[in-house]
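Summary of the model geometry
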Amino acid sequence: MQILLVEDDQETAEYIGDGLRAEGHQVVHAVDGRDGLYLAMDEAAPDVVVVDRMLPGLDGLSLVKALRCAGSQVPVLFLTALGGVDDRVLGLKAGGDDYLVKPFSFAELAARIEALARRPRALSAQTRLQVHDLEIDLLARTASRGGQPVELQPREFRLLEYLARHAGQVVTRTMLLEHVWDLHFDPQTNVVDSHISRLRAKIDRPHGQALIHTVRGAGYRLDAGADPE
């Protein structure tokens, strides 16, 4: 992937850039918002933009608003020290697709970037999701596996839907708390683990092949591959 990093702190930029390049990505770095906007709108548009909120020249919110007003749908991840709920809401309303607060785990940053890059650009047009023999009807809010209906509670359905939208990708516990439970903090409970366990009982246990996998030290993944546990 080509990733545009808009970050004015040189040490942070070098840390992120070195890590992403080590994973095989191309990284273009801008130190202020104006240059970042120019590079994001360039013909060789990036696959993902990672942007700080507090930038010289043009702040991160204004940068993203300008991108959206210009019709750009490039996925944007805010990476910032502004971690209050109101700050997150402002970032998402400005057109950001995800929001990660400093200090951060590089592994989580990389996972979020990959999830954004592989996310279909027109999710709202999707009405069905399919992973192996698991089918999800987004309009009827129903699921089936191998042609057999699976009875799910509303929260279980949201969890399964999120996993299916990111099929084949690792999603972290924090990502699930934010996008399934709308929690922007860790409640220090096993709510994610317990719901994953319930899904496994309904989705995997009656069938011979597991689809929900635990990736140790990282999170969960939904696909038909071998279980990494």
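Whatever comes next refers back to the structure up there.
Overview of the structure. (Residues numbered from 1 in each chain as written. Predicted model: local features only at pLDDT ≥ 70, side-chain atom pairs only at ≥ 80, totals over all residues. Heavy atoms only, no water.)

Overview of the sheet that holds strand β4 (residues 76-80)
Through backbone hydrogen bonds, the strands of a sheet pair up, either in parallel or in antiparallel fashion. Strand order in this open sheet of 5 strands is β2-β1-β3-β4-β5, and the pairing throughout is parallel. Unpaired on one side and paired on the other, β2 (26-30) and β5 (98-101) mark the two borders of the sheet. Strand-to-strand twist across the sheet, computed as the mean angle between neighbouring axes with direction ignored, equals 20°. When strand β3 (residues 48-51) meets β4, the two strands line up parallel, connected through 3 bridges. Bridging from a neighbouring strand, valine 49 pairs with valine 76 of β4. The strands touched by helix α4 (residues 85-93) within the sheet are β4 and β5, with β5 carrying the most contacts at an inclination of about 145°. (Pairing = 2+ DSSP bridges. Helix = DSSP H or I, 4+ residues; strand = E, 2+ residues; numbered from the N terminus. Axes fitted to C-alpha atoms, helices over the stretch in contact; angles between N-to-C directions. Contact = heavy atoms within 4.5 Å.)

Here's the deal with the pattern of salt bridges
For the structure on display, the rule yields 16 salt bridges. Residues aspartate 97 and arginine 68 are paired through a salt bridge, measuring 3.0 Å at the closest nitrogen-oxygen approach. Residue aspartate 97 is found in the loop between α4 and β5, and its partner arginine 68 is found in helix α3 (residues 60-69); the two are separated by 29 residues along the sequence. We note a salt bridge from glutamate 108 to arginine 112, for which the minimum N-O separation is 2.8 Å. Note that glutamate 108 and arginine 112 are positioned in helix α5 (residues 106-118) at a spacing of 4 residues, about one turn of the helix. By relative accessible area, glutamate 108 is classed as buried at 14%. Overall, arginine 112 belongs to the buried group, its relative accessible area being 0%. Within this structure, Arg88, Asp98, Glu108, Arg112 and Glu178 form a network of salt bridges that share partners. (Salt bridge = Lys/Arg side-chain N within 4 Å of Asp/Glu carboxyl O. Buried < 20%, exposed > 50% of the residue type's maximum accessible area, 1.4 Å probe, protein only.)

Points about helix α8 (residues 191-203)
Along an α-helix, a turn takes 3.6 residues, which lines up residues three or four apart on a common side. In this model α8 runs 18 Å from its N-terminal to its C-terminal C-alpha over 13 residues, within 8% of the 18 Å that 1.5 Å per residue would give. By the burial criterion, the buried members of α8 are Val191, Val192, His195, Ile196, Leu199 and Ile203. Looking straight down α8, one finds its buried side chains confined to an arc of 125°; they lie on one side. (Expected span 1.5 Å × (residues − 1). Arc of directions from axis to C-beta.)

Describing the environment of methionine 41
If you trace the backbone, methionine 41 turns up in the loop between α2 (33-40) and β3. Its relative accessible area of 41% is what places methionine 41 among the partly exposed residues. When the C-alpha atoms of methionine 41 and phenylalanine 78 are compared, they prove to be 17 Å apart, with 37 residues separating the residues in sequence.

Things to note about the packing of helix α1 (residues 10-22) against α5
Taken N-terminus to C-terminus, the directions of α1 and α5 make an angle of 60°; their axes are 11 Å apart at the nearest point. By the angle between their axes, α1 is oblique relative to α5. Two packed elements cross with a definite hand, and for α1 against α5 that hand is right-handed. Where α1 approaches α5, its residues Tyr15, Ile16, Gly19 and Leu20 are matched on the opposing element by Phe106, Leu109 and Ile113. By residue class, the composition of the contact of α1 with α5 is 6 nonpolar, 1 polar and no charged. (Parallel < 35°, antiparallel > 145°, perpendicular 65-115°, else oblique. Left-handed = near helix turned anticlockwise from the far one by under 90°. Nonpolar A, V, L, I, M, F, W, Y, C, P; charged D, E, K, R; others polar.)

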